Amino acid sequence: MLYIELFKILNMTRFLFLLALTLNVSCNTAQNTQSIKKTTEDYAKTITSEALKTHLYTFAGDQMEGRMTGENGNNKAAEYLRNFYIDHGIDAPIDEKNYYQPIPASYFNGGSKGNPSQNVVAMIKGSEKPEEIIVLSAHYDHVGTENGEIFNGADDDGSGTVSLIEIANAFQQAKNEGNGPKRSILFLHVTGEEIGLYGSRYYTENPLFPLANTITNLNVDMIGRIGSEKEGNDNYIYLIGSDKLSQGLHDLSEAVNKKYVNLELDYTYNDDNDPNRFYYRSDHYNFAKNNIPVIFYFNGTHEDYHQASDTPEKINYELLAKRSKLIFFTAWEIANQEERIKVNP
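Note that the structure is predicted; figures quoted are calculated from it, not measured.

**Topic: the packing of aromatic side chains**
Next up, step 1: Under the definition given, this model contains 25 aromatic pairs.
Next up, step 2: Aromatic pair Tyr-107 and Tyr-198: ring centres 6.0 Å apart, planes at 75 degrees, arrangement edge-to-face. Here the residue Tyr-107 occupies a position in the loop between β1 (100-103) and β2 (117-124), and Tyr-198 occupies one in helix α6 (residues 198-205), the gap between them amounting to 91 residues. There is no split in this pair, since Tyr-107 and Tyr-198 are both buried.

Right, here's the structure in full:
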């Protein structure tokens, strides 16, 4: 009888222990699935001048051989981007670990010297409206080499490229902590820009997601320097195209800047009569042609534009980080506001 009672007590003790263990695990699991309370500013702080500098010294280093479309250096640069997204757990948009959108050599009309190339794509899927897509773009190609000199393209467009991957990482951290964007964000690194905006044109002709659901393109091309016309001003950015198709996008952009960053937003090159015609000269234009609202972020040209002297040590990394945060905040607001960006009637 004593043995039976002791057996019952031991079984009850074991049962209570297992019950407590189960409740503890369940509680921890529930806590892990809840969002961590952080602000938009907290995630923006992960975009640092140090990280941007580390990336750019590699991405615009001599080992990339000037990143000419279709050549070995361009392929190395694409691999660098793909590996970044894999290492940071940022998904490929369609097939697992397939971050390339191949472009046949014939598409470049001889500009790639008979070589194929690829756009590099990654995606953070929206939690509530995943079918609505915001495209952040930057071209990762440059002009290669000439007479033995390497044209590193640190500003053009290494600066925009490293900005995009750090913005992607900030969004991924938010997603990992239960605060991901409501709409989907596609990070599009296009090739062939320097030879005719080919990569972005190929994407808009062969979109991974319907253009009808692509609500905005934020294009980043040269944001690491101070332009020749802005010498001495380290707190500005040129914005081009923000009001041409959507007043709502323009107003949102202005409000976000005023709330978070307070850069001087210069619209000089947004003028329809701008003789430089920058609105037509970067990858956002292929989206604008398809009636998709755009913003082109740009620092203006300088003496090293398309020269072998466009090198990483000349980048203003604090300014690059500040401009990158503006783009992050703008994308965040577009992704999370209740209504999608509307095209002007």
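**Observations concerning helix α9 (residues 317-336)**
Residues spaced three or four apart along an α-helix point in a common direction, a consequence of the helix completing one turn every 3.6 residues.
Next up, step 1: Taking 1.5 Å per residue, 20 residues should reach 28 Å; α9 reaches 28 Å between its end C-alpha atoms and fits that length.
Next up, step 2: α9 sits mainly inside the fold: 16 of its 20 residues count as buried.

**A closer look at the packing of helix α4 (residues 72-87) against helix α5 (residues 154-176)**
Next up, step 1: At their nearest, the axes of α4 and α5 sit 11 Å apart, and the two run at 10 degrees to each other. In terms of orientation, α4 and α5 fall into the roughly parallel class. Two secondary-structure elements touch here, α4 through Tyr-80, Leu-81, Phe-84 and Tyr-85 and α5 through Thr-161, Leu-164, Ile-165, Glu-166, Ala-168 and Asn-169.

**Focus: unusual backbone geometry**
Next up, step 1: A cis amide bond, omega -15 degrees, links Asp-156 with the succeeding residue Asp-157.
Next up, step 2: Assignment of secondary structure puts Asp-157 in helix α5.
Next up, step 3: In this structure, Asn-291 is a non-glycine residue whose phi angle is positive, near 65 degrees.
Next up, step 4: Structurally, the position occupied by Asn-291 is in the loop between α8 (284-288) and β10 (294-298).

**Notes on the pairing of β2**
Each regular strand displays side chains that alternate between the two surfaces of the sheet.
Next up, step 1: Counting buried residues along β2, eight of its eight residues qualify, which places the element largely inside the surrounding structure.
Next up, step 2: The side-chain alternation of β2 yields two buried faces, one formed by Ser-117, Asn-119, Val-121 and Met-123 and the other by Gln-118, Val-120, Ala-122 and Ile-124.
Next up, step 3: Here β1 runs beside β2; their pairing, made up of four bridges, is antiparallel. When the bridges of β2 are listed, Pro-102 appears paired with Gln-118.
Next up, step 4: Relative to strand β6 (residues 183-190), β2 is paired through five bridges, and the arrangement is antiparallel. Bridged to Ile-124 within β6 is Ile-185.

Rules of the game
- Residues numbered from 1 in each chain as written.
- Predicted model: local features only at pLDDT ≥ 70, side-chain atom pairs only at ≥ 80, totals over all residues.
- Heavy atoms only, no water.
- Phe/Tyr/Trp six-rings, centres within 6.5 Å; stacked < 30°, edge-to-face > 60°.
- Helix = DSSP H or I, 4+ residues; strand = E, 2+ residues; numbered from the N terminus.
- Buried < 20%, exposed > 50% of the residue type's maximum accessible area, 1.4 Å probe, protein only.
- Expected span 1.5 Å × (residues − 1).
- Axes fitted to C-alpha atoms, helices over the stretch in contact; angles between N-to-C directions.
- Parallel < 35°, antiparallel > 145°, perpendicular 65-115°, else oblique.
- Contact = heavy atoms within 4.5 Å.
- Pairing = 2+ DSSP bridges.

Interpretation in functional terms is not warranted from these geometric data alone.
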